[in-house]
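Structural overview
This is what each chain is made of:
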Amino acid sequence: MRKKDFTKRDNIIHAAMDLINERGFSDTPMSQIAKKANVSAATIYVYFDNKEDLINKLYYHAKKKMRDYVLSDYDENAPIEERYRQYLKKFIQFLMNNPQEFLFIEQFQSSPLLNEEMSESISKLFQQFHSIYDEGKQDKIFKDVNTAVIAGFTINPAMQFVKDYYSGTLALNESMIEEIIQMSWDAVKY
């Protein structure tokens, strides 16, 4: 068994993300990923079982990077509103400062490629924050609706505004980010 070189793995991940963002999932063969990563095609299979495994792990990698940024300096003891605002602000900042990850996440979430095992792993990644929704509902801070609805009103509008930012139709500045956060808060709170 070959010893794993995590620099090669990282090169494969970055090459795959770049190519998939540029060409899409189906138009990105493993041979091109290998060429861009400067490894042999066989080397990819040391780290990933197949293309679907690579894509799912790439999604996990992007979501973990997002989670690590969003939850850095996260204070579990702060009031719910403060945690909510901090989370959403850092979420928007991450999307604005990491266009490759944002584009990949956006493309992947719209595809049928997410497998159940990876979906569960992603849910666990964000469990620390997602528990705020249940806590907020229990404390009657958030509306008593399905947690997925609250999460949708938190995340989906922010993602759309960042898409508009990247398309050049919206100049997303600090003041506007604060307005987005306030509107989102107003939508989910009692």
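The coordinates are above.
Residues numbered from 1 in each chain as written. Predicted model: local features only at pLDDT ≥ 70, side-chain atom pairs only at ≥ 80, totals over all residues. Heavy atoms only, no water.

With 21 residues, helix H9 (residues 147-167) should cover 30 Å at 1.5 Å per step; its first-to-last C-alpha distance of 30 Å lies within 8% of that length. The largest bend in H9 comes to about 30°, at Phe-153, with the proline Pro-157 one to four residues further on. Among all positions in H9, only Ile-150, Ala-151, Gly-152, Thr-154, Ile-155, Ala-158, Met-159 and Val-162 are buried. Residues of H9 that are buried sit in contact with helix H5 (80-97), helix H6 (99-109), helix H8 (127-138) and helix H10 (174-188). With a side-chain oxygen lying 2.7 Å from the backbone nitrogen of Ala-148, the N-terminal cap of H9 falls on Asn-146. Phi turns positive, to about 85°, at Gly-168, one or two residues after H9. (Helix = DSSP H or I, 4+ residues; strand = E, 2+ residues; numbered from the N terminus. Expected span 1.5 Å × (residues − 1). Bend = angle between axes of the 7 residues up to and from the residue. Buried < 20%, exposed > 50% of the residue type's maximum accessible area, 1.4 Å probe, protein only. Contact = heavy atoms within 4.5 Å. Polar contact = N/O pair within 3.5 Å; in protein donor to acceptor, adjacent residues only side chain to side chain.)

Here we come to the pattern of salt bridges. Oppositely charged side chains can pair when the atoms bearing their charge come close. Tallying each qualifying case throughout the model produces nine salt bridges. With its nearest N and O atoms 3.0 Å apart, the salt bridge here joins Glu-101 to Lys-65. Linking Glu-101 in helix H6 with Lys-65 in helix H4 (residues 51-70), this pair joins segments that are 36 residues apart in sequence. In this structure Glu-101 comes out as buried when scored by relative accessible area, which is 6%. By relative accessible area, which is 35% here, Lys-65 ends up partly exposed. Several salt bridges converge on common partners, so that one network encompasses Lys-64, Arg-67 and Asp-68. (Salt bridge = Lys/Arg side-chain N within 4 Å of Asp/Glu carboxyl O.)

To continue, consider the layout of surface pockets. The computed volume of the largest pocket comes to approximately 500 Å³. Together, 22 residues line the largest pocket, and Lys-63, Gln-109, Ile-122, His-130 and Ile-155 are the ones closest to its centre. Secondary structure elements with two or more residues in the lining of the largest pocket: H4, H5, H6, helix H7 (116-125), H8 and H9. Looking at the lining of the largest pocket residue by residue, the class counts come to eleven nonpolar, eight polar and three charged. (1 Å grid on protein atoms, 1.4 Å probe; cavity = no way out; pocket = protein on both sides within 12 Å on 5 of 7 lines; lining within 4 Å. Points joined across faces, edges and corners; volume = space filled by probe spheres on them. Nonpolar A, V, L, I, M, F, W, Y, C, P; charged D, E, K, R; others polar.)

Take the environment of Asn-21 next. Locating Asn-21 in the fold gives a position in helix H1 (residues 6-23). Asn-21 sits 81 residues away from Phe-102 along the chain, and the two C-alpha atoms are 9.7 Å apart. The contacts of Asn-21, once residues within four sequence positions are left out, are Gln-100, Leu-103, Phe-104 and Gln-107.

Applying the stated criterion across every chain, the model contains twelve aromatic pairs. Both rings, one in Tyr-84 and one in Phe-142, keep their centres 5.7 Å apart while their planes meet at 55°; by these two values the pair is tilted. With Tyr-84 in helix H5 and Phe-142 in the loop between H8 and H9, this pair connects stretches of sequence that are 58 residues apart. Phe-142 matches Tyr-84 in its accessibility class, with the two residues each being buried. Three or more aromatic residues link up through ring pairs in this structure, and these residues are Phe-25, Tyr-59, Phe-104 and Phe-108. Seen from the ring of Tyr-69, Lys-90 lies directly overhead, with NZ or CZ sitting 5.1 Å from the centre. (Phe/Tyr/Trp six-rings, centres within 6.5 Å; stacked < 30°, edge-to-face > 60°. Lys NZ or Arg CZ within 6 Å of the ring centre and 35° of its normal.)

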